[in-house]
Amino acid sequence: MAMRIAQVAPLYESVPPKLYGGTERVVSNLTEELVRQGHTVTLFASGDSTTRAELEAMRPRAIRLDPCCRDPLSSHYLMMERVLKRAHDFDIIHFHIDYLHFPLSRRLHVPTLTTLHGRLDLSDLAHIYDEYTDMPVVSISLSQRLPLPQAQWAGNVYHGLPLELFTPTLKSSKYLAFLGRISPEKGVDRAIEIAKRAKMKLKIAAKVDVKDAKYFAEKIKPLLDHPLVEFLGEIDERQKNEFLGNAAALLFPVDWPEPFGMAMIEAMACGTPVIAFRRGSVPEVIDEGITGFIVESIPQAVQALKKIAK
């Protein structure tokens, strides 16, 4: 039976993102598939989003690409007001903005669901989920939900990709790939060290958030001055297939409880194995010895590279 569904996306990136952006990419994939299946979908997102659903534009441009935006929270509050005014147009409202809407949803009397896309091990979050035990939430990995057993877990849904998005590449080059963002928890410094020890070229396709600019300048930029390291900056969706597909392996040396890790399944879809540290969702995503290798240290990562077929 066809349903009337609202998808409420974060406003930091367009849907889908122009460059980097995991959550908004997932929202886009889900929205377009629901439309394809015949549901009536309304997407609450930034005005530069692209969708076959009805687009409720909350602001002209995504926040990250709008230098005029100084208060991101105000746009999200206005979006919640718009959702409230239209709430009874929908059979269900699917939120992707963490707990921001919980006070509103508790009083809506319309079915809601919230997919949690981020890390949940922050101490302040426990108080929120102690209070809002009536809010049904969905995890993106089983490890993600471990810090909040009190939350009303309605299910666990791993991320997926449209089948037509990537084409496996059977011939690989001799370089290693790093895809994501530059931040301490993503471990690009580890990736550089792995590449140097393995004596393999490393190509880094990553964004630098404003909040990580100091870390990049002080800790990472000096490491880029090496003949084996090439920093590409952000790449778009069209560039990913060639970048990942031609790599010998994707390095995913994370140092945080990774909720999912879209880059891992993007690499797999391109036929590229993943070398990842055992953190968060990694053991749930990688099929050891088949789609990649799970390691505990830099030396183990170097050894794992030797197991990859030439």
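Whatever comes next refers back to the structure up there.
The rules behind each value
Residues numbered from 1 in each chain as written. Predicted model: local features only at pLDDT ≥ 70, side-chain atom pairs only at ≥ 80, totals over all residues. Heavy atoms only, no water. Helix = DSSP H or I, 4+ residues; strand = E, 2+ residues; numbered from the N terminus. Buried < 20%, exposed > 50% of the residue type's maximum accessible area, 1.4 Å probe, protein only. Polar contact = N/O pair within 3.5 Å; in protein donor to acceptor, adjacent residues only side chain to side chain. Contact = heavy atoms within 4.5 Å. Axes fitted to C-alpha atoms, helices over the stretch in contact; angles between N-to-C directions. Parallel < 35°, antiparallel > 145°, perpendicular 65-115°, else oblique. Left-handed = near helix turned anticlockwise from the far one by under 90°. Nonpolar A, V, L, I, M, F, W, Y, C, P; charged D, E, K, R; others polar. Core = buried A, V, L, I, M, F, W, Y, C linked by side-chain atoms within 4.5 Å. Pairing = 2+ DSSP bridges.

J.: Requested: an account of the side chain of glutamine 144, with residues and values cited.
T.: Locating glutamine 144 in the fold gives a position in the loop between β6 (136-139) and β7 (152-156). Residue glutamine 144 is classed as buried on the basis of its relative accessible area of 4%. A distance of 2.7 Å separates the side chain of glutamine 144 from the backbone oxygen of leucine 116, its partner in a polar contact. In this structure, glutamine 144 is in contact with Leu116, His117, Gly118, Leu120, Ser139 and Pro259, ignoring residues within four places of it in sequence.

J.: Describe in detail the packing of helix α5 (residues 188-198) against helix α10 (residues 298-305), supporting the description with residues and values.
T.: For the pair α5 and α10, interaxial distance at closest approach is 9 Å and the crossing angle is 50 degrees. It follows that α5 is oblique to α10 by the angle criterion. As for the relative orientation of α5 and α10, their crossing is right-handed in sense. Contact residues: Arg190, Glu193, Ile194, Arg197 and Ala198 in α5; Ile298, Pro299, Ala301, Val302 and Leu305 in α10. For the contact of α5 with α10, the residue count by class is 7 nonpolar, no polar and 3 charged.

J.: Describe the nonpolar core, and please don't skip the residues or the numbers.
T.: Core analysis: the biggest nonpolar cluster contains 30 residues, and Leu176, Ile182, Ile194, Leu202, Ile204, Ile275 and Leu305 have the highest contact counts within it. In contact with isoleucine 204, not counting residues within four places along its chain, are Phe178, Ile182, Val188, Ile192, Leu224, Val229, Glu230, Phe231, Leu232 and Gly233. The next biggest cluster of nonpolar side chains, apart from the first, holds 28 residues, and it includes Leu250, Val254, Met262 and Ala267.

J.: I'd like a rundown of the sheet that holds strand β13 (residues 292-295), residues and numbers included.
T.: Backbone-to-backbone hydrogen bonds join strands into a sheet, with any given pair of strands oriented parallel or antiparallel. Reading across the sheet, the 6 strands line up as β10-β9-β8-β11-β12-β13 and stay open at both edges, with parallel pairing between neighbours. Looking at the sheet topology across the chains shown, the edges are occupied by β10 (229-231) and β13. The average undirected angle you get between the axes of adjacent strands in this sheet is 20 degrees. In terms of strand pairing, strand β8 (residues 176-181) meets strand β11 (residues 249-252) through 2 bridges, oriented parallel. Residue alanine 177 lies in a different strand from β11, and its bridge partner there is leucine 250.

J.: Which residues make up the sheet that holds β6, and what values do they have?
T.: With parallel pairing, the 7 strands of this open sheet are ordered in space as β3-β2-β1-β4-β5-β6-β7. Strands at the two margins of the open sheet, each flanked by one partner only, are β3 (54-57) and β7. Sheet twist, expressed as the average angle between the axes of neighbouring strands with direction ignored, equals 25 degrees. Bridge count for strand β2 (residues 40-45) against β3 is 4 bridges, and the pairing is parallel. Residue pairing in the sheet places leucine 43 in a bridge with leucine 55 of β3.

The values are spatial; any link to function lies outside them.
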